[in-house]
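Residues per chain are reported as follows:
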Amino acid sequence: MQPVLGLLMLLGALCHFGDAMSREEKQKLRNQVVEMFDHAYQNYMDHAYPADELMPLTCRGRVRGLEPSRGDVDDALGKFSLTLIDTLDTLVLLNKTTEFEAAVRRVLSDVRLDNDIVVSVFETNIRVLGGLLGGHSMAVMLKEGGGHMQWYKDELLHMAKDLGLRLLPAFNTSSGLPYPRINLKHGVRGPETRTGTETDTCTACAGTMILEFAALSRFTGDPVFEDHARRALDFLWEKRQRHSNLVGTTINIHSGEWVRRDSGVGAGIDSYYEYLLKAYVLLGDDLFLQRFNIHYASIMKYISQPPLLLDVHIHKPLLPARTWMDSLLAFFPGLQVLKGDIRPAIETHEMLYQVTKKHNFLPEAFTTDFRVHWAQHPLRPEFAESTYFLYKATGDPYYLEAGRTILENLNRFARVPCGFAAMKDVRTGSHEDRMDSFFLAEMFKYLFLLFAEAEDIPFDVEDYVFTTEAHLLPLSLSTAPNSSSIPSNRTSEEELDDSNFDWTCPNTRLMFPDPAFPRSLREPIRSAVDKSCPRPAPYREPGMGRPPLRAQDFMANNPEHLELLRRMGVSLIHLKDGRVQLVQHATQAVSAVAAEDGVRFMQEMMELSSQQQKEQLPPRAIQIVSHPFFGRVVLTAGPAQFGTDLSKSSTGVRGFVTVAEPYSGCTEITNVEYVQGHIALLQRGQCMFAEKARNIQKAGAIGGIVIDDNEGSSSDTAPLFQMAGDGRSTDDVTVPLLFLFHKEGNILLEALKEYREVEVLLSDKARDRGVNVQEEEEDCQTEATTPTSFEPVSQSQMSTEEQEESSPEEVTPAQEEVSSAGEVRTEEENRAIEPQVDAAQPQQERDSEKTEEPQGDTDSDSHSVDELLADWREDLEAFKQMEKDEL
């Protein structure tokens, strides 16, 4: 079947179930999209060009090397005016042909591609090469129309070929998979390249080249680019896990061994699947569709748990690899529309829409019960992309309303005077000084098309395929000659039994004869998100007896649980600092089945531990409101899973602080007359947090503050955590309990030592600070505090080890190190992290040399209160300046 016909059958078969949104309202929203694009684009040109990207909070360009490094994120920047190139075809789509012509002239005169700089092969391909090819396609289309660009003589295509030749050395590996990075001037070999030593790349990084490279070959007549992209795809296909037909996330570019064996449709793999299907659409080669169909069947069998899409292990695809999803998978419903599988697309999109409405934007990652896992949102366009394709496939005006929500949230929460700023934390609304090029390349394309009528679009978009960066490549390339010199690694007919696969795209009029059908799919999902659906249970073979112990149910002081661990070969090691370390020896399990249960338990515990370390929660605030502080000192505090929820209190809890006796709070309070009506200060350790809360509550305290006993700990360097219960009901605890690290706790103790009467306010965020400080500064203070790192899944789960988040990598089974004795350990860079729970057990003995009462001078370097006040005043001025910059 011709790819043009396939795309037209799918996207042309619209079914209009009613016109809930008037034509005038759609025009209003379409004009709003154009105005928002103008705001972003013009600010880039005014304040950033020729830099790669705009920094919208400080109204300047981001030049690599002049700004602090952001790690791998900066590999997209190559000093080649990235945002301008990425935006070229968006200008044409939005009917800005005059601006497009001026932009092309700027690119031709100003942009250099031979910079001595190391860039990401993947990002440079999809953003720069794709942007040049999309711009060339638009220039040719306009020139053939007889209006603009009559002077154009394929200059953008010449630049694209120059860039393609600079990227080709990355493919010089034994496998044909490209190096992840390349020096635009020197390639990958030699000391001057400062690269070429990498051994691993992500599947999407290697498998997202075929559209741009094949288009470059078809446009220029040089087959070398398409040949290399095909070879990389062939190698990835050969390395798929043959039983599950899934691919891993990270692969060794030399040996072809999978480095990370978790498999999903989000980050690291996403556009590999996208490009298999779209390569068939663009190039007309059945091989790509055959491979996609086999992968897709496995995705729907193992990864898809409607409406969820959960990563699994490629060798054990019935075993979940994580309990959270990343926002990049939001593209998948759109790909399912292109495939013609509309029902799961509707279901997953609805789940994403409800999460969006819950948090205003899709968090970078969120859990299976739809809580924030990673709170950032860099203005990603994938949800808008799927919204557009679902509207095209169904004609359901519901998706127009979803698009309106996207527009309103962008204007309400992300718009700043110099553009649109990424969200640093979707829960607090704090900003990050970045506006990625993909925001202009993709977001405004899809939103414009969503609200546009056919006459509003200067060309027929169904004559083009969208790349993963939403660049437009003409479907006419399928008829261009391709004299490939490298034969494709054709798959045998036995492996490609595709008798059950459709070779035509479905007519959606026949799929949805009842206009209410899509709504009937959405309703259960909406209620599930509202109620937070439970985490799916792990797979267990039939006939294996009682279900094994789950990690989130484990309690370290439950004798029955300890016995179950023993049977699974898992032992507990009580560490000196109060944490409990878990180690498994498979040979010590009572049976092979029990040993497998133990491995699964350890994998779950690793996931929980990693999730708790990385998941950010809004911190609470302890504000010193008495003289001479008057609210100017705000300490970052961790919340508890029990007691008063300060986020639901408009006033917080205010009172004078006093040190409880005993300081640990683990037995009945002896200084009741001082604690009653006050906020009690307690030291961490020797018993459960809930036990401390019950003891001070019994003594009449109105709240409690637990201070860390680990000297030198600080919220500046360690993630806060949420204090868990003790495994039984904590409904009887009604007072609020907050946690302070040692450094912040010392500030409070020093103030109490010097002023004797210190009044504090416990709340979800700081209130008015001083006479001349307005309430709006609360947001600035909230933004400046260190976010907490996790929220335990259940109250029975103890709090995790406080450690610096030195690596963003997820602890996965691929990182496990198994000794001959079957001991499972995970390593994260320089430090071993065992699945563990962090809280002293009731029977645990603490170091006998540790004092029970706070010492007057616990830190020889501690500042005086005057010095602390001076520091806080300086911080306050900085916060005020930050707020001015944002406004």
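All of the points below concern the structure found in this document. (Residues numbered from 1 in each chain as written. Predicted model: local features only at pLDDT ≥ 70, side-chain atom pairs only at ≥ 80, totals over all residues. Heavy atoms only, no water.)

A full pass over the atoms with the stated rule returns 26 aromatic pairs. Considering the side-chain rings of phenylalanine 171 and phenylalanine 213, the 5.5 Å spacing of their centres and the 50° angle between planes classify their relative orientation as tilted. Of this pair, phenylalanine 171 sits in the loop between α6 (155-167) and β4 (181-183) while phenylalanine 213 sits in helix α8 (residues 210-220), and the two are 42 residues apart along the sequence. The class for phenylalanine 171 is buried, based on a relative accessible area of 1%. With relative accessibility at 0%, the residue phenylalanine 213 sits in the buried group. With a centroid separation of 5.8 Å and 80° between ring planes, the pair formed by phenylalanine 629 and tyrosine 755 is classed as edge-to-face. Residue phenylalanine 629 is found in the loop between β23 (620-624) and β24 (633-637), and its partner tyrosine 755 is found in helix α23 (residues 742-755); the two are separated by 126 residues along the sequence. Assessed through its relative accessible area of 2%, phenylalanine 629 is described here as buried. One aromatic cluster is present, formed by Phe37, Tyr41, Phe420, Phe439 and Phe444 through successive ring pairs. (Phe/Tyr/Trp six-rings, centres within 6.5 Å; stacked < 30°, edge-to-face > 60°. Helix = DSSP H or I, 4+ residues; strand = E, 2+ residues; numbered from the N terminus. Buried < 20%, exposed > 50% of the residue type's maximum accessible area, 1.4 Å probe, protein only.)

This part is about the packing of helix α3 (residues 82-93) against helix α4 (residues 97-110). It is at 8 Å that the axes of α3 and α4 come closest, and there the two elements cross at 155°. Classed by the angle they form, the pair α3 and α4 counts as roughly antiparallel. Our pair here, α3 against α4, has a crossing hand that is left-handed. Contact residues: α3 offers Leu84, Ile85, Leu88, Leu91 and Val92, while α4 offers Thr97, Glu99, Phe100, Ala103, Val104, Arg106 and Val107. Considering only residue class, the contact of α3 with α4 consists of nine nonpolar, one polar and two charged. (Axes fitted to C-alpha atoms, helices over the stretch in contact; angles between N-to-C directions. Parallel < 35°, antiparallel > 145°, perpendicular 65-115°, else oblique. Left-handed = near helix turned anticlockwise from the far one by under 90°. Contact = heavy atoms within 4.5 Å. Nonpolar A, V, L, I, M, F, W, Y, C, P; charged D, E, K, R; others polar.)

Moving on: unusual backbone geometry. Between tyrosine 49 and the following residue, proline 50, the backbone shows a cis peptide bond with an omega angle of 10°. Structurally, the position occupied by proline 50 is in the loop between α2 (23-47) and β1 (53-55). Cis geometry marks the peptide bond from proline 306 to proline 307, where omega comes out at 5°. Note that proline 307 resides in the loop between β9 (304-305) and β10 (308-309). Positioned with a positive phi, lysine 79 is a non-glycine residue whose angle comes to about 55°. With respect to the helices, strands and loops of the structure, lysine 79 is situated in the loop between β2 (60-62) and α3. A positive phi angle, near 65°, is found at arginine 756, a position not held by glycine. Examined against the element boundaries, arginine 756 turns out to sit in the loop between α23 and β29 (759-763). For arginine 756, a relative accessible area of 70% puts it in the exposed group.

A few words on the sheet that holds strand β14 (residues 372-374). Strand order in the open sheet made by the three strands is β12-β13-β14, with antiparallel pairing throughout. Both outer strands of the open sheet, β12 (324-326) and β14, are each paired with one neighbouring strand and no more. Pairwise comparison of adjacent strand axes, ignoring direction, gives a mean angle of 30° for this sheet. (Pairing = 2+ DSSP bridges.)

Within the largest apolar cluster, 173 residues are counted, with the highest numbers of intra-cluster contacts made by Phe100, Tyr273, Met351, Leu410 and Phe420. A total of eleven residues in this core trace back to one element, the largest contributor, which is helix α5 (residues 121-144). When sequence neighbours within four positions are dropped, the list of residues in contact with tyrosine 273 reads Leu246, Val247, Ser263, Gly264, Val265, Phe292, His295, Ile299 and Leu335. Ranked by size, the runner-up nonpolar core spans 25 residues in total, among them Leu635, Ile705, Leu748 and Leu762. (Core = buried A, V, L, I, M, F, W, Y, C linked by side-chain atoms within 4.5 Å.)

Summed over the entire model, instances satisfying the criterion amount to 45 salt bridges. Among the salt bridges present, the one from aspartate 369 reaches arginine 371, with a minimum N-O distance of 3.3 Å. Accessibility assignment for this pair places aspartate 369 and arginine 371 in one class, buried. One continuous salt-bridge network, built from bridges that share partners, spans Glu53, Arg70, Asp74, Glu123 and Arg127. (Salt bridge = Lys/Arg side-chain N within 4 Å of Asp/Glu carboxyl O.)

Examined against the element boundaries, asparagine 125 turns out to sit in helix α5. Of note is the side chain of asparagine 125, whose polar atom sits 3.1 Å from the side chain of glutamate 212. Those residues in contact with asparagine 125 that sit more than four places away from it in its chain are Gly130, Leu167, Thr208, Met209, Glu212 and Phe213. (Polar contact = N/O pair within 3.5 Å; in protein donor to acceptor, adjacent residues only side chain to side chain.)

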